[in-house]
Amino acid sequence: MFQLANERVEKIKSEMKRYETKQSAIIPALYQVQEQYGWVSKEAIDFLSELMEIPVAEIREVFTFYTMFNQKPTGKFHLQVCTNISCSMAGGRELTDYICKKLNVKAGETSADGKFSVSKVECLGSCDTAPVMQNNFEYHENLNEAKIDQIIESLQKLN
Amino acid sequence: MEAKIISEHYTKDEFIGIDGYKKHGGYEQIANAFKMQPKEIIEMVKAAGLRGRGGAGFPTGMKWSFLPDNGEERYLLCNADEGEPGTFKDRKMMERAPHQLIEGMIISGYAVNSHKGYIYVRGEYRHIIELLEKAIKEAYDAGYLGKNIQGSGFDFDLDVYSGAGAYICGEETGMISSLEGYKGQPKLKPPFPAVQGYLKKPTIVNNVETLASVKYILRDGVEAYRKYGTEKSTGTKLFSVSGDVQRPGTYEVPLGYPLKQLIEEECGGLKPGRKLKAVIPGGSSAPILNAEEAYKVNMDYESLQSVGSMLGSGAVIVIDDTRCMVDLLDVTLHFYHHESCGQCTPCREGTGWINKIANKIVKGEGRVQDIDLLETVAKNMMGKTICALSDAAAMPTISFVQKFRDEFEFYVREGRSKVKGQTYAQVHG
Ligand SMILES: Cc1cc2nc3c(=O)[nH]c(=O)nc-3n(C[C@H](O)[C@H](O)[C@H](O)COP(=O)(O)O)c2cc1C
Ligand code: SF4
Ligand code: FES
């Protein structure tokens, strides 16, 4: 059952007062849901609609427009590898393949244990340290296979 | 040589916090601004020749003068969406000097008589959002934000807003839609944001670097500011350099700086044994230059225009002779297709179509006529849409095909890359 943590509900209520209109709190509210659940379900949107008194359709419209909001369950660690121009030149695509093989997933999918999702993303604004990826919001720069091994190994130890 | 005006203190960690920032002259220009009339500051920014650093290079003072004088509330929005592929200089500035941006916004807010500002930051920059929130709190606590700043009678509130992954929210009207809580779709102009922007109120949108630059115009004066740069492209500019150079990074040089020198001196030249093939001088939307053009051009608005390209966001992507141009165009077109917001048919259909053609070619399945088709479709995407994204996809396409036609021809004829000897699938699996 969908149950947003109390402090997250409070946070959403304060975001509704933070900007000129409560409409602007939709993005912050979606982040609150996603940070707890890893994605945003239909139930979550119904809940937000009731909490914020904003029609479901308006929340859905925002939700589906932005690529950072996940429309299906996503792993605890979302590895987002940049495959835009500078990163591709530095081997970002091959590294994505390497990660996928290592975790036995396809890009855009989640590992069987629900721990890792791998995605190809557009320029992360870190092209001087290409190739780059984000694990959730954390940047990993100047990547190579050895670094990937280390990162994944340390993430696997976390539960 | 680099001319470090904006970036002078970026290597110092103490510059990030308010105390260290103040130690190096931070927030001194606020008092200076309050001694002037807002209009005088606008005149000063005009006289200094400051042009927007976000992409279009529009004169900042002139944009500020477009605000209607009707007593309506105004907003000042800082564009920190930084999504143009190859660009990372705003990130650098906000990471190393969040207060510099805040001070620039207070001064600019005073100049345009706005009492509320937002910094719209791309969602991926979560660490910067947190850093800015902390810095804004420090500035409130020190009395630089809020009511009656430093006893001047001027009120200014500032807050941060997080995007959520959409390049199109960097376009100013898309950004406004997004900040208002809707999908970030651009709106037809006019009305321009200066007349009808955020919540239909007059709104100024400026890039991070533009707003920070205002502080230095006040500090150094118009004459000193104009000492750097050319007659029409004044001051210094932060360039984000990436790709095939020894030392990629953010470099501040005067506008008008030779691209060759930027590559060879600041960035340490190419990797050993490599030759320059091409340079994208202003983010992936900017028409590409071949080596000959790149080695001759200077980095200012006019010089780049004269070779058919643009300064854009100042993102320089250096490409050496080991790169397959067909592959790089395919990567670039994938991006624009993914980021088109879909409102305009020529953009939605066009980006999809050219992406598909490029993709077919890199798979070794292209036909000779596909090369001309790429160009024709791209040409038909230009100048027809609500925002410039459609043109931003068309311009690289046309320039890649025109300048590197031999590589496209080889690819469709032989079914493999002229440079790599294989198809994309063979190289990348
Ligand atoms: C598709 C598109 C994306 C853009 N992305 C950005 C961006 O990420 N950052 C930015 O400052 N300007 C961006 N711009 C330009 C803005 O629309 C606007 O011109 C700029 O923020 C104005 O600030 P300036 O005058 O200080 O440059 C973009 C424009 C387009 C058409
Ligand atoms: S040109 Fe493209 S991105 Fe811009 S408004 Fe039209 S469809 Fe959207
Ligand atoms: S291209 Fe990967 S961070 Fe810019």
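Remember, it's a predicted structure, so these values are computed and weren't measured experimentally.

A. Local environment of the overall build of chain B. From N to C terminus, chain B includes 18 helices and 11 strands. Relative to the globule expectation of 22 Å for 429 residues, the C-alpha radius of gyration of chain B, 22 Å, shows essentially globular dimensions. Principal-axis analysis of the C-alpha atoms gives chain B an extent of 75 × 45 × 35 Å. The buried share of chain B, reckoned over its 429 residues, is 62%. Across chain B, every contact between residues at least 6 apart in sequence was considered, and the portion connecting residues at least 24 apart equals 69%. Summed over its atoms, the accessible surface of chain B is roughly 15700 Å², and 51% of this surface lies on carbon and sulfur atoms. Taken together, the 53 basic and 56 acidic charged side chains of chain B have centroids lying 2 Å from each other.

B. Quick peek at the nonpolar core. One finds A:L30, A:M52, A:Y66, B:L77 and B:I319 to be the most contacted residues of the largest nonpolar core, which totals 81 residues. Here this core takes 8 residues from helix α13 (residues 325-339) of chain B, the largest share from any one element. Excluding its chain neighbours within four sequence positions, the residues that come into contact with B:I319 are A:M89, B:D244, B:L276, B:K277, B:A278, B:I280, B:I288, B:M325 and B:L328. The next biggest cluster of nonpolar side chains, apart from the first, holds 68 residues, and it includes B:Y21, B:M94, B:L158 and B:Y225.

C. Structural detail: the site of ligand 1. Residues and elements named next belong to chain B. Residues in close proximity to ligand 1 total 17 residues, the closest being G54, N79, N206, N207 and T210. In this structure, N79 approaches ligand 1 through a side-chain N or O atom, which is 2.9 Å from an oxygen atom. Within the backbone of G170, a nitrogen or oxygen atom sits 3.2 Å from a nitrogen atom of ligand 1.

D. A look at unusual backbone geometry. For the bond from A:A130 to A:P131, the omega torsion is -5°, close enough to zero to count as cis. Note that A:P131 resides in the loop between β3 (116-121) and β4 (133-135). With omega at 0°, the peptide bond leading from B:P190 into B:P191 counts as cis. By secondary structure assignment, the location of B:P191 is in the loop between α8 (172-179) and β4 (203-207). A positive phi angle is found at B:N148, which is not glycine, with a value near 45°. Here B:N148 is to be found in the loop between α7 (126-141) and β3 (157-162). Taking the relative accessible area as the measure of exposure, B:N148 reaches 41% and is therefore partly exposed. Not every positive phi belongs to a glycine, and B:K200 is a case in point at roughly 65°. Mapped onto the elements, B:K200 comes out in the loop between α8 and β4.

The rules behind the values
- Residues numbered from 1 in each chain as written.
- Chains lettered and ligands numbered in written order.
- Predicted model: local features only at pLDDT ≥ 70, side-chain atom pairs only at ≥ 80, totals over all residues.
- Heavy atoms only, no water.
- Helix = DSSP H or I, 4+ residues; strand = E, 2+ residues; numbered from the N terminus.
- Rg over C-alpha atoms; globule rule 2.2 N^0.38 Å.
- Buried < 20%, exposed > 50% of the residue type's maximum accessible area, 1.4 Å probe, protein only.
- Contact = heavy atoms within 4.5 Å.
- Areas by Shrake-Rupley, 256 points an atom, 1.4 Å probe, with all protein chains shown as cover.
- Lys, Arg positive; Asp, Glu negative; His and termini not counted.
- Charge placed at Lys NZ, Arg CZ, Asp CG, Glu CD.
- Core = buried A, V, L, I, M, F, W, Y, C linked by side-chain atoms within 4.5 Å.
- Near = heavy atom within 4 Å.
- Polar contact = N/O pair within 3.5 Å; in protein donor to acceptor, adjacent residues only side chain to side chain.

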